[in-house]
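The lines below spell out each chain.
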Amino acid sequence: MKGTIIKCLAEMVVEKHGGEATWQQIMDVAAVPKHTLILATSDIDDAQAGRLFTATTKVLRLSWEQVADAFGEHWCCAYGPRVYGRTFDRFASAREMILGLDQVHVDVTRSLTNATPPRFSYAWKDADTLEVTYASRRGLIDLYVGLARGVGLRYKEPLHVRKLSETLVEIHFGA
Ligand code: HEM
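Note that this is a predicted model, so its numbers are computed, not measured.

A.B. asks: Looking at this model, I keep getting lost on the overall build of the protein. Mind explaining?
C.D. replies: In terms of helices and strands, the protein carries 7 helices and 4 strands. Over its C-alpha atoms the protein spans a radius of gyration of 16 Å, differing by no more than 12% from the 16 Å that the globule rule assigns to 175 residues. Put simply, 60% of the contacts in the protein that link residues at least 6 apart link residues at least 24 apart. For the protein, the computed accessible surface area is about 8,900 Å², with 54% contributed by carbon and sulfur atoms.

A.B. asks: How should the packing of aromatic side chains be read in this particular structure?
C.D. replies: One pair of aromatic rings is described through two measures. These are the centre distance and the angle between the planes. Counting across every chain of the model gives 8 aromatic pairs. Between phenylalanine 53 and phenylalanine 71, the ring centres sit 5.5 Å apart and the planes meet at 75 degrees, which makes this aromatic pair edge-to-face. Of this pair, phenylalanine 53 sits in helix H3 (residues 46-60) while phenylalanine 71 sits in helix H4 (residues 64-83); the two residues are 18 residues apart in sequence, bridging distant segments of the chain. The buried category is assigned to phenylalanine 53, whose relative accessible area is 4%. Phenylalanine 71 gets classed as buried once you look at its relative accessible area, which sits at 0%. Ring centres 5.0 Å apart and planes at 55 degrees place the aromatic pair phenylalanine 120 and tyrosine 144 in the tilted group. Pair noted here: phenylalanine 120 is in strand S1 (residues 119-126) and tyrosine 144 is in helix H7 (residues 141-154), with a separation of 24 residues, a long-range link. On the basis of relative accessibility, which here comes to 7%, the residue tyrosine 144 falls in the buried class. By the ring-pair criterion, three or more aromatic residues cluster together here, those being Phe53, Trp64, Phe71, Trp75, Tyr79 and Tyr84. A cation over a ring is seen here: arginine 154 above tyrosine 155, with NZ or CZ 5.1 Å from the ring centre.

A.B. asks: Explanation requested: the environment of leucine 112 in the structure shown.
C.D. replies: Looking at where leucine 112 falls in the secondary structure, it is placed in the loop between helix H6 (94-110) and S1. Taking the relative accessible area as the measure of exposure, leucine 112 reaches 24% and is therefore partly exposed. A C-alpha to C-alpha distance of 7.3 Å links leucine 112 and threonine 41, two positions 71 residues apart in sequence. Ignoring any residue separated from it by four or fewer positions in sequence, one finds leucine 112 in contact with Lys2 and Thr41.

A.B. asks: Help me understand the coordination of the iron atom of the ligand in this model?
C.D. replies: For the iron atom of the ligand, the protein supplies a single donor, His105 (NE2), at a distance of 2.0 Å. Positionally, histidine 105 belongs in helix H6.

A.B. asks: Any chance you could explain the sheet that holds S1 here in plain terms?
C.D. replies: The sheet built from 4 strands is open, its strands ordered S1-S2-S4-S3 with antiparallel pairing. With one partner strand each, in any of the chains shown, S1 and strand S3 (159-163) form the two edges of the open sheet. Put simply, the sheet's adjacent strands are angled 20 degrees from each other on average, direction ignored. In terms of strand pairing, S1 meets strand S2 (residues 129-135) through 7 bridges, oriented antiparallel. Among the inter-strand pairings, serine 121 is bridged to a residue of S2, identified as threonine 133. Across the sheet, H6 lies against S1, S2, S3 and strand S4 (168-173), angled at about 155 degrees from S1, the strand it touches most. Packed onto the sheet, H7 meets S1, S2, S3 and S4 and runs at close to 175 degrees relative to S3.

A.B. asks: Mind showing me how you'd approach the pattern of salt bridges here?
C.D. replies: One side chain can pair with another of opposite charge once the charged atoms of both are near each other. Evaluated as defined, the whole model comprises 14 salt bridges. In this structure, arginine 95 and aspartate 128 form a salt bridge, with 2.8 Å as the shortest nitrogen-oxygen distance. Here the residue arginine 95 occupies a position in helix H6, and aspartate 128 occupies one in the loop between S1 and S2, the gap between them amounting to 33 residues. On the basis of relative accessible area, arginine 95 is assigned to the partly exposed category, the value being 28%. Glutamate 170 is the salt-bridge partner of arginine 162, the closest N and O atoms lying 3.3 Å from each other.

Analysis parameters
Residues numbered from 1 in each chain as written. Predicted model: local features only at pLDDT ≥ 70, side-chain atom pairs only at ≥ 80, totals over all residues. Heavy atoms only, no water. Helix = DSSP H or I, 4+ residues; strand = E, 2+ residues; numbered from the N terminus. Rg over C-alpha atoms; globule rule 2.2 N^0.38 Å. Contact = heavy atoms within 4.5 Å. Areas by Shrake-Rupley, 256 points an atom, 1.4 Å probe, with all protein chains shown as cover. Phe/Tyr/Trp six-rings, centres within 6.5 Å; stacked < 30°, edge-to-face > 60°. Buried < 20%, exposed > 50% of the residue type's maximum accessible area, 1.4 Å probe, protein only. Lys NZ or Arg CZ within 6 Å of the ring centre and 35° of its normal. Donors = N, O, S within 2.8 Å, 3.2 Å for Na, K, Ca; no water. Pairing = 2+ DSSP bridges. Axes fitted to C-alpha atoms, helices over the stretch in contact; angles between N-to-C directions. Salt bridge = Lys/Arg side-chain N within 4 Å of Asp/Glu carboxyl O.

Right, dumping it as structure tokens:
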């Protein structure tokens, strides 16, 4: 997986959950050599990325869902708007962004070597309820849930995100 995901995780821990020392502790628990430099374009082995998320849950004493939510908020409200500002600016609402994300991932990773972006397909259940099918060999649908909640926070819109299975998520737009 591209390093940008882990860079955002590290930044979230450093800025909001205990600082640099806590991040180094997470790297230790995940058996990643101390002070490994992670760049947005680095390739991080998927197993190692998974260990870093698991270590984050352990060190911060949070559930995987809580870490995914915190990550999603940081990606959508802090890291993402700074690093990918133009992408966020293209969308005027949470609904537009959620529907545009399959193409965003295809576009953003086209120029990156070794990227295999998650793919999303969409089906409306009623005027405000969307079912999203998540396809990725990484099985990170919980991260999708946290990120989709982050999109709601970014656009200051109420939305409810519910995992229906390991490949299916329901998003209800509105209170
Ligand atoms: C500006 C916005 C975004 C950009 C530029 C972006 C870009 C990326 C990139 C580069 C990766 C790594 C892919 C790879 O290494 O193959 C990734 C992973 C991922 N993205 Fe995004 N992303 C954005 C927003 C979102 C949002 C809002 C969601 C969900 C609602 C999302 C869902 C995911 C998931 C679940 C992964 C983990 C990899 C996987 O499941 O296989 N992304 N994204």
